[in-house]
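# Residue-level structure breakdown
Given next are the chains, with one letter for each unit.
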Amino acid sequence: MDGISDLAFFALLVKRGSLAAAAQELGVTPPSVSKRLAALETRLRVRLLNRTTRRISLTPEGEIYLADGARLVTELEALEQRISGGNITAKGLLKVSATFGFGRRHITPQLSAFARQYPDVEVQLHLTDRPVNLVEQGLDADIRFGQLPDARLTARKIADNRRLVCASPTYLKKYGVPLVPRDLQNHSCILLRESDEIYGSWHFSSGNKQETVKVRGSLSANDGECATTWALDGHGVVMRSEWDIAPYLRSGRLRVILEEWKLPPADVYIVFPTKNHLSAKTRALVDFMLKAFENHRRDRTDADKIIW
């Protein structure tokens, strides 16, 4: 069995997440997959996967084999593409992750259109509000917000997005409009517990001025849509992404406050493992998303005037 074939087999096994799922993809029985994996580990004289009845996980040697092996397979594909005149089509399993709210509202419809355009690509969407490890979890791409934390990854910005502080007109009429960030300490704030952000600390900047406010309130949630609903009901001030509250800002049901102050950036990126050559399916997805969201990338001088 040649090395390239083994690399492709191992990558498929990790992406599928179980021997049974890989067997179904390959059209063989689970014991034959187990036998092939055992033969591969015997040939390499290392254990590549930890296996239980329900799941598999990479050993340190397996992580190296997967990462470097994927690079070799991608380089071979790129070589064949150059030789064949660029006729290699996007195909195979494509695993994408995104956050729950943005994934449901904006990524799911785009992946529907992507699937129609690329019928040979099998799209698998994983929604989570927790940080993901693309390499360890066998993901091809992740849609995420804010700064890129890992130098091993490459990111392309698909959309501009701001965090905004807002409240309902009813709440502001009753309790007054905060004029500076520290005024929020005298207001009821709706708190959102998501990712690994510091709970209840809101960071503001205006020119050279920086201010961090520890906000408080009687309502908190780990889901942004819940927090938005409470703000609409007049329970207090909330900090949300522009994409999430834009319809309510346009209708007047929510009103932006502290407009002269900015919050940490929340631009939307498509992130993928850094490689010399992207696979055809991942490149197709990146190009598709850049095109799909092009109307949401704008000149920063106009950023305060444009709502999703």
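Residues numbered from 1 in each chain as written. Predicted model: local features only at pLDDT ≥ 70, side-chain atom pairs only at ≥ 80, totals over all residues. Heavy atoms only, no water.

## Re the overall build of the chain
Cut-off, in case you're wondering: For helices the rule is a DSSP run of H or I covering at least 4 residues; for strands it is a run of E covering at least 2, with both sets numbered from the N terminus onward. For every residue, the accessible area obtained with a 1.4 Å probe (protein chains only) is divided by the maximum for its type, and the residue is called buried under 20%, exposed over 50%, and partly exposed between those limits. The contact rule is simple, with two residues in contact once any of their heavy atoms fall within 4.5 Å.
From N to C terminus, the chain includes nine helices and 14 strands. Counting over 308 residues, the chain shows a buried share of 42%. A fraction of 74% describes how many contacts in the chain between residues 6 or more apart in sequence connect residues 24 or more apart.

## A look at the pattern of salt bridges
Operational definition: A pairing counts as a salt bridge when a side-chain nitrogen of Lys or Arg comes within 4 Å of a carboxyl oxygen of Asp or Glu.
Taken as a whole and judged by the stated rule, the model has 11 salt bridges. A salt bridge links E41 to R51; its shortest N-O distance comes to 3.0 Å. In this pair, E41 sits in helix α3 (residues 30-44) while R51 sits in strand β1 (residues 49-51), placing the two residues 10 residues apart along the sequence. Given a relative accessible area of 8%, E41 falls into the buried group. For R51, a relative accessible area of 27% puts it in the partly exposed group. Connected via shared salt-bridge partners are R105, E225, R240 and D244.

## A look at the packing of aromatic side chains
Filter applied, for reference: Pairing of aromatic rings covers Phe, Tyr and Trp, the last through its six-membered ring, and needs centres within 6.5 Å; plane angles under 30 degrees mean stacked, over 60 mean edge-to-face, and all others mean tilted.
One pass over the structure, following the stated rule, counts eight aromatic pairs. Relative to F145, the ring of F102 has its centre 5.3 Å away and its plane inclined at 85°; by these criteria the two rings are edge-to-face. Residue F102 is found in helix α5 (residues 100-117), and its partner F145 is found in strand β5 (residues 141-145); the two are separated by 43 residues along the sequence. Since its relative accessible area comes to 1%, F102 is described here as buried.

## What to know about the side chain of D244
Residue placement: D244 occurs in helix α8 (residues 242-251). Setting aside anything within four residues of it in sequence, one finds D244 in contact with R105, G224, E225 and T228.

## Examining the nonpolar core
Note the following rule: As used here, the term nonpolar core means buried Ala, Val, Leu, Ile, Met, Phe, Trp, Tyr and Cys residues forming a set that is joined through side-chain atoms within 4.5 Å.
Among the nonpolar cores identified, the biggest contains 27 residues, and I143, I158 and L285 are the most heavily contacted of them. Going through the elements one at a time, β3 (92-98), α5, β5, β6 (153-159), α8, β14 (268-273) and α9 (280-292) are the ones with two or more residues in this core. With six residues, α9 is the largest single contributor of residues to this core.

## What to know about the pairing of strand β7 (residues 163-167)
Applicable threshold: By this definition, two strands are paired if DSSP reports at least two bridges between them.
For β7, the buried fraction is high: four of the five residues fall into the buried class. The pairing of β7 with strand β12 (residues 237-241) spans four bridges and is antiparallel. When the bridges of β12 are listed, R163 appears paired with S241. Pairing geometry for β7 and strand β13 (residues 255-257), over three bridges, is antiparallel.

## Here we look at α3
For clarity, the threshold we go by: Multiplying 1.5 Å by the helix residue count minus one yields the expected span of that helix. Arc, as used here, means the arc of the directions from the helix axis to the C-beta atoms.
Relative to the 21 Å expected for 15 residues at 1.5 Å per residue, α3 spans 21 Å between its end C-alpha atoms, a close match to the ideal helical length. Looking at α3, one finds that the buried residues are V33, L37, L40 and E41. One face of α3 carries all of its buried residues, which in axial projection span an arc of 95°. Exposed residues on α3 whose side chains face more than 90 degrees from its buried face are P31, K35 and T42. R45 lies just past α3 and shows a positive phi near 65°.

## Section: the sheet that holds β14
Where we set the bar: Where helices are involved, their axes are fitted lines through C-alpha atoms of the stretch in contact, as for all axes, and angles between N-to-C directions lie from 0 to 180°.
Pairing within the open sheet is mixed, and its five strands lie in the order β4-β3-β5-β14-β6. Sheet topology places β4 (121-127) and β6 at the edges, where each strand pairs with a single neighbour. Across the sheet, the mean angle separating the axes of adjacent strands is 25° when strand polarity is ignored. Pairing of β3 with β4, which is carried by seven bridges, proceeds in the parallel orientation. From the neighbouring strand, G92 faces β4, where its bridge partner is V121.

## Here's the deal with the sheet that holds strand β11 (residues 220-221)
With mixed pairing, five strands are arranged side by side in an open sheet as β11-β8-β12-β7-β13. At either end of the open sheet lies a strand with only one pairing partner, and these are β11 and β13. Contacts from helix α7 (residues 224-232) reach β8 (189-192), β11 and β12 within the one sheet, and its direction differs from that of β8 by about 175°. Running over the sheet, α8 touches β7, β12 and β13 and is turned about 120° from β12.

## Some words on the environment of R298
The residue R298 is located in the segment after α9 in this model. The exposure class assigned to R298 is buried, which follows from its relative accessible area of 15%.

## Let's talk about the environment of P131
The topology assignment puts P131 in the loop between β4 and β5. With 34 residues separating them along the chain, P131 and S97 place their C-alpha atoms 9.9 Å apart.

## Digging into the packing of α7 against α8
Note the following rule: Any angle that falls under 35 degrees is termed roughly parallel, while one over 145 is termed roughly antiparallel, one within 65 to 115 roughly perpendicular, and all others oblique. Left-handed describes a crossing in which the near helix is turned anticlockwise from the far one by less than a right angle; the clockwise case is right-handed. Residues are grouped as follows: nonpolar covers Ala, Val, Leu, Ile, Met, Phe, Trp, Tyr, Cys and Pro; charged covers Asp, Glu, Lys and Arg; every other residue, Gly included, is treated as polar.
α8 packs onto α7 with a crossing angle of 25° between their chain directions and a minimal axis gap of 11 Å. Between α7 and α8, the interaxial angle falls into the category roughly parallel. Handedness of the crossing formed by α7 with α8: right-handed. Residue-level inspection shows G224, E225, T228 and L232 of α7 in contact with α8, the latter providing D244, I245 and Y248. Residue composition of the contact of α7 with α8, by class: three nonpolar, two polar and two charged.

In short, shape yes, function no, at least from these values alone.
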